[in-house]
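Observations on the three-dimensional arrangement
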Amino acid sequence: MKLKRTAVESAVQELAQGNAKILILDIETAPIAAAVGRIWQENVGLNMIDRDWYILSFSAKWLGSNEVFYIDQRDVRDPEDDTRLLRELWKLLDQADFVVAHNGQRFDVRKIFSRMAIKGIHPPSPFQVIDTLIIAKRRFGFTSNKLEYLTKALCTDHKS
């Protein structure tokens, strides 16, 4: 019986063969702005939304490279129009075989694809997501699975 390989196992095998393009990725989104009548247990209706979320920035790098790609909405005329940012992100994702992101499967990739659909940008070529949050939850029992905690606990090379 042949076992199904996980995205991590596939990435490791392809990386060992020198074939995989693995993109490390993180996005930041703007919050939804809404007019609410109270702050506790509020149900926000669509008619209460003043401004929807959009992508504020992304940071990415290819595994094995020192070059970091960072784009944000800081100096654009309309910060809510993330079309330029999405096009740059699309170029990276379209080349990727694997995307590594913390909560990438449930958040980052879904948010990116949603914004691309809204802006009429077709999806990039298919890639597999390696979600470090899922791996942390399944394989370990850390005090916290938040990226900040895991970074402090595991990234000993960068501790001051």
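A brief structural summary. (Residues numbered from 1 in each chain as written. Predicted model: local features only at pLDDT ≥ 70, side-chain atom pairs only at ≥ 80, totals over all residues. Heavy atoms only, no water.)

We now examine the pattern of salt bridges. One pass over the structure, following the stated rule, counts six salt bridges. Between Arg 38 and Glu 42 there is a salt bridge, with the nearest N and O atoms lying 3.5 Å from each other. Looking at Glu 42, the relative accessible area reads 29%, which means it is partly exposed. A salt bridge links Lys 152 to Glu 148, with the shortest nitrogen-to-oxygen separation between them at 3.4 Å. With a gap of four residues between them, Lys 152 and Glu 148 both fall in helix α5 (residues 147-154), about one helical turn apart. (Salt bridge = Lys/Arg side-chain N within 4 Å of Asp/Glu carboxyl O. Buried < 20%, exposed > 50% of the residue type's maximum accessible area, 1.4 Å probe, protein only. Helix = DSSP H or I, 4+ residues; strand = E, 2+ residues; numbered from the N terminus.)

Take the packing of helix α2 (residues 83-95) against helix α3 (residues 104-118) next. Direction vectors running N to C along α2 and α3 enclose 125°, while the axes themselves pass 11 Å from each other. Put simply, α2 runs oblique to α3. The way α2 lies across α3 gives a crossing that is left-handed. Residues Leu 86, Leu 89, Trp 90 and Leu 93 of α2 pack against Ile 112, Arg 115 and Met 116 of α3. For the contact of α2 with α3, the class distribution of residues is six nonpolar, no polar and one charged. (Axes fitted to C-alpha atoms, helices over the stretch in contact; angles between N-to-C directions. Parallel < 35°, antiparallel > 145°, perpendicular 65-115°, else oblique. Left-handed = near helix turned anticlockwise from the far one by under 90°. Contact = heavy atoms within 4.5 Å. Nonpolar A, V, L, I, M, F, W, Y, C, P; charged D, E, K, R; others polar.)

Relative to the elements of secondary structure, Ser 144 occurs in the loop between α4 (132-139) and α5. A polar contact is formed between the side chain of Ser 144 and the backbone nitrogen of Lys 146, at a distance of 3.1 Å. With residues up to four places along the chain from it excluded, the contact list for Ser 144 reads Tyr 149 and Leu 150. (Polar contact = N/O pair within 3.5 Å; in protein donor to acceptor, adjacent residues only side chain to side chain.)

With respect to the helices and strands, Glu 88 occurs in helix α2. What makes Glu 88 partly exposed here is its relative accessible area of 30%. Glu 88 sits 19 residues away from Phe 69 along the chain, and the two C-alpha atoms are 9.4 Å apart. When sequence neighbours within four positions are dropped, the list of residues in contact with Glu 88 reads Phe 58 and Ile 71.

This brings us to the side chain of Asp 131. Relative to the helices and strands, Asp 131 is located in strand β7 (residues 128-131). It is Arg 106 that comes nearest to the buried, bridge-free Asp 131 among opposite-charge side chains, at 7.5 Å. A distance of 3.1 Å separates a polar side-chain atom of Asp 131 from the backbone nitrogen of Gly 104. A distance of 2.9 Å separates the side chain of Asp 131 from the backbone nitrogen of Leu 133, its partner in a polar contact. When residues no more than four places from it in sequence are discounted, the contact partners of Asp 131 are Ala 101, His 102, Asn 103, Gly 104, Gln 105 and Arg 106. (Lys, Arg positive; Asp, Glu negative; His and termini not counted.)

Take it as geometry only, folks, not as evidence of what the structure does.
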